[in-house]
Structures are given as C-alpha cells and as structure tokens.
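Listed below are the residues making up each chain.
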Amino acid sequence: MSYTINTLRMISHSCEQMRDRVKAIEFAPDGAKNLDLTFGPGIAAELIGRTPEALAKAEKEGRLPNPKQQANGRRFYTLEDLTDIREALNIHVGKAADEDAVIIANSNFKGGVGKSTITKHFADYLGLRGYKVLVVDCDPQASTTTMFDIKPETLMDTEQTLGDYLSPRSTFEDLRLAIYDTAWPTIKIIPSSLGLQDAEWDLTATLQEGGQAVRESLQRLRIGLSGLSKEFDVIILDPPPAMGFLGLNVMAAATGLLIPVPARQLDYLSTIHFMDTVADNIEILEKNGTPVDYGFIRIVCSAFSPGKPGEADMWKMMQATYANSLLTQPILASEEIKNATQAFRSIYESKPSASHATYQRCRTNLDEVFGEVVQLIRQQWPSTSMAGRSASIAA
Ligand SMILES: Nc1ncnc2c1ncn2[C@@H]1O[C@H](COP(=O)(O)OP(=O)(O)O)[C@@H](O)[C@H]1O
Ligand SMILES: [Mg+2]
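Residues numbered from 1 in each chain as written. Chains lettered and ligands numbered in written order. Predicted model: local features only at pLDDT ≥ 70, side-chain atom pairs only at ≥ 80, totals over all residues. Heavy atoms only, no water.

1. Regarding the site of ligand 1
Taken together, 15 residues sit near ligand 1, with G112, K115, S116, T117 and S334 positioned nearest. In this structure, G112 approaches ligand 1 through a main-chain N or O atom, which is 2.7 Å from an oxygen atom. Between ligand 1 and S302, the relevant distance is 3.2 Å, taken from a nitrogen atom to a main-chain nitrogen or oxygen of the residue. Considered on its own, ligand 1 offers 560 Å² of accessible surface; in the complex 77% of this is hidden by protein. (Near = heavy atom within 4 Å. Polar contact = N/O pair within 3.5 Å; in protein donor to acceptor, adjacent residues only side chain to side chain. Areas by Shrake-Rupley, 256 points an atom, 1.4 Å probe, with all protein chains shown as cover.)

2. Quick notes on the pattern of salt bridges
Going through the model one piece at a time under the given rule, you end up with 16 salt bridges. Between E231 and R176 there is a salt bridge, and its shortest N-O distance comes to 2.3 Å. Taken together, the residues E231 in the loop between α10 (220-226) and β8 (234-238) and R176 in the loop between α7 (162-166) and β6 (180-181) connect sequence positions 55 residues apart. Since its relative accessible area comes to 35%, E231 is described here as partly exposed. You can call R176 partly exposed: its relative accessible area is 37%. A salt bridge links R264 to D267; the nearest nitrogen and oxygen atoms lie 2.6 Å apart. A relative accessible area of 37% places R264 in the partly exposed class. Judged by relative accessible area, D267 falls into the buried class, the value being 3%. Connected via shared salt-bridge partners are K57, E61 and R63. (Salt bridge = Lys/Arg side-chain N within 4 Å of Asp/Glu carboxyl O. Helix = DSSP H or I, 4+ residues; strand = E, 2+ residues; numbered from the N terminus. Buried < 20%, exposed > 50% of the residue type's maximum accessible area, 1.4 Å probe, protein only.)

3. Description of a negative patch on the surface
A cluster of acidic residues, D276, D280, E283, E286 and D293, forms a negative patch on the protein surface. Topologically, E283 is positioned in helix α12 (residues 265-287). (Patch = residues over 30% accessible without salt bridge, like charges linked within 9 Å, V, L, I, M, F, W, Y side chains within 5 Å. Lys, Arg positive; Asp, Glu negative; His and termini not counted. Charge placed at Lys NZ, Arg CZ, Asp CG, Glu CD.)

4. So, the environment of C301
Along the chain, C301 falls in strand β10 (residues 297-301). On the accessibility criterion, C301 (0% relative accessible area) is buried. When the C-alpha atoms of C301 and L332 are compared, they prove to be 8.3 Å apart, with 31 residues separating the residues in sequence. Sequence-distant contacts of C301, that is, excluding residues within four places in its chain, are made with V261, P262, A263, W315, M318, L326, P330 and I331. (Contact = heavy atoms within 4.5 Å.)

5. Here we look at the sheet that holds strand β2 (residues 68-69)
The three strands are arranged β1-β3-β2 in an open sheet whose pairing can be described as antiparallel. The open sheet has two edge strands with one neighbour each: β1 (38-39) and β2. Relative to strand β3 (residues 75-78), β2 runs antiparallel, the two sharing two bridges. Bridge pairing in β3 links K68 to F76. On top of the sheet, helix α4 (residues 79-88) reaches β1, β2 and β3; it is set at about 85° to β3, its chief contact. (Pairing = 2+ DSSP bridges. Axes fitted to C-alpha atoms, helices over the stretch in contact; angles between N-to-C directions.)

6. With respect to the nonpolar core
Counting residues in each nonpolar core, the largest one holds 54 residues, and the members touching the most others are I104, F122, L126 and I377. Looking at this core, the element that brings in the most residues is helix α15 (residues 356-379), giving nine residues. Domain assignment of the residues forming this core places at least three in each of domain 1 (38-88) and domain 2 (102-383). In terms of nonpolar packing, the next biggest core, distinct from the first, is built from 52 residues, A178, L203, V292 and Y294 among them. (Core = buried A, V, L, I, M, F, W, Y, C linked by side-chain atoms within 4.5 Å. Domains from an automatic or database assignment.)

7. Observations regarding the environment of A252
Along the polypeptide, A252 turns up in helix α11 (residues 245-253). Considered as a pair, A252 and F109 are 143 residues apart in the sequence and their alpha carbons are 15 Å apart. Not counting residues up to four positions away in its chain, the partners in contact with A252 are L218, R222, L285, T290 and V292.

8. Topic: the sheet that holds strand β4 (residues 102-106)
Read across the open sheet, the seven strands follow the order β6-β7-β5-β8-β4-β9-β10; overall the sheet is mixed. Each edge of the sheet is formed by a strand with only one pairing partner; in this case those strands are β6 and β10. Strand direction decides the pairing type here: β6 and strand β7 (residues 187-190), joined by two bridges, are antiparallel. If you follow Y180 over to β7, its bridge partner there is I189.

9. Some thoughts on unusual backbone geometry
Although it is not a glycine, N90 adopts a positive phi angle of roughly 60°. Examined against the element boundaries, N90 turns out to sit in the loop between α4 and β4. The class for N90 is exposed, based on a relative accessible area of 69%. Unusually for a residue other than glycine, A142 sits at a positive phi of about 60°. Here A142 is to be found in the loop between β5 (133-137) and α6 (143-147).

What follows is the structure in structure tokens.
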C-alpha cells in the first residue's frame, strides 16, 4: 500500500475508534442511543394537542391510566406514554390513510448551511408530536445517519442499501428493506451508505445509453418512495451537496422544498445560483418525462445571530428579496444546537448545556419555525387543509 492510502486508512480507522468511544460515553453502556425523555403534564398535554385539564380529567375518569410519578410526587410521561394516550383518546395525528406523505427536501448545494441539522431537528420535532416520519439520508457524508445512531460502515456488507436501490446495475428492488428503526418510536431512517457514491457514478453512466435509461435513472428515488408514501406522514430528504444524478433524484422525489440559507452574505449570494440551477434541473426533469411541481417552496434562514455585525441587515435583505417565500421566523444561531450536535443529539434529545433559559429560547425558536412548516405540510392533505375541509362540508 502506498504512503498516501496507508495514512488515510490509518487516520480514518483511528477516528472511527474515537467516535465509538465518544458515543459510549454519551450513550448507554452498549453504545446505543437511549432517549430517556420525560415530560411534565403541561408539555405532555401540549404534545398531544389537549389541555392539561382535559388530560387530568381523562385520567380521573379512567379513560387513561394514572401517570407515573417521581419520588417528589410530580407526574410525568414518556414518549411511549404519549403514543398510548393518543391511541386511547383516539387522537389522530397526520394525514388520512389514503393520502400521501409530504416529501420535503432540505436542499442547498452549499455545505455547512444547516441541511442536516434541520433534517434531524425537524424529524425529532415531528416525532415528539406523533407524526410518522421517514428520514432518507441521501448524502454520502452521512451526518444525519450518524445523528440517528447508525454507523454507515456497518452497512458495508449488506446489499440492501439506498445506494444499491438507486444503482441501475443492482437487482435490489424493495426500498422498504433499507429502512431502519431509530431510538424514536415513530421515526425510521433509510441511512446513507458508502455505496451511495458508486450509485451516483452508475446513474451518471446511463447518459451514454441516453433515452429511457436516463429517464429511469432520474426517477429511481421517486418510484421507491412512492411505494412508501402511504405509511408515513412526512418523508424528509437530506440531499447530497452537489447537483448530480443523486441530487436530481432528490429534486424529482420531493413534493415540497425547504432551502436553508444562513444570514451571511456569501451564502445568500450562492443561493441565487442554487435557485437558478434548481429551475434549470426541473426543466431537465420535465423534458425527460418527470414533471415536478412542488406544493411549497420556502427559504429558511438557518442560522441568525441578531447581534453579529451585518446579520441583522442580511435578515432584512432576505425578508425584502424572498418576501412570501421566506419562513417568517429565522432559526437562531445557538450554542445549544452546536453542543447537542457534538454529542450526536438534537436539542429535543438533550438537556440544557448552559442555562435553562438559553435552552428554552432555542427550543421555542425551533418550535415556531417548524410549526410554520407543519402548517404548509397540512395544507397539502385535503383531510387537514381548510380548503379540503370546506370542500367536504360542501359535498
Ligand atoms: N442554528 C444553528 N446554530 C448553531 N450551529 C448550527 C446551527 N445550524 C447548524 N449549525 C452547525 O453548523 C454546522 C453545519 O451544519 P450542517 O447541518 O451539518 O450543514 P449541512 O448539512 O448543510 O452541511 C454543524 O456543526 C452544526 O452543528
Ligand atoms: Mg449535511
């Protein structure tokens, strides 16, 4: 082996060992993530969409079991309790059975703008509220996969990965077999794998054949996910950072687009280029018989520090230029998010790293931003949108 290959392999091996050691400290003794989330009656009621009084009444009347109690007598609920309560009270979250999942791509071909951070946090936000979520990590860098506690290299021996599914050479045809459980009861993941990069090359090679082969290789993910879209409420795609065939597959599979842009000049400017590229690529997809029309497109300011020089002006500029296509609340840049990510967690999975107030501010901010996205999602389902409801009343 050459010096170069040897050195790179050695560094990679030693980093993997270090990662496992960090995980063993952060997580349970077996190195697997243990959520251990509990909620007081106020938060629990909010997460199931009822008042604390209604919750207490249902418990008193025996429609719900009595909640668990801490040593000090305080009542608390686990994530599983919330699922049971929704079931017992017949609270239906999400779409109707015959409707399709909303498939959101967090797209921007710039790295470091918050795509994976938003993917992970939005998935957890939805999971807390009982939505059925599928995360699809389409980035060979696999940050989101790691945040969901799956080691990409453990998938090396299987031939049933997203990469295998997407590759036109492969005979793996049932994408469902590439789905893994996560620590969250209602969140599943199709992890990224090392083979994803090979799939990109295989897909690109169909250009030489042209015609039908190209058409098919642009629609692989779309077809795979359409077979799963009744089972989940929301499918979140974390795209690769470049617009090759993999990126085009993501564009073609999505039904809604979120574009994260930090309040920084260079990110703002590169996004202009990104939007033109998306439009160009959607034209390519249309010409190849894969028409794409998103239910919504929103830019989300993904890291905003109001106190930093220039960022307040950037935010104003974003509001002026993106207008109605901008989510009204920016995601604040927060040490809480940074620290949680360091420990392979979202802030929804972690305890405050500094003061409780700072943590709560961060969480409230994310809840507001994601609340807006949930409204957009619910407008896509006739059973949950105002338009759909009035149509059914008129009928
Ligand atoms: N709102 C935020 N506040 C603080 N740090 C953030 C925020 N959003 C993202 N980051 C950090 O920025 C880095 C890049 O984010 P990431 O989501 O991995 O970007 P991408 O997926 O677009 O490459 C990560 O270290 C992440 O923790
Ligand atoms: Mg990423």
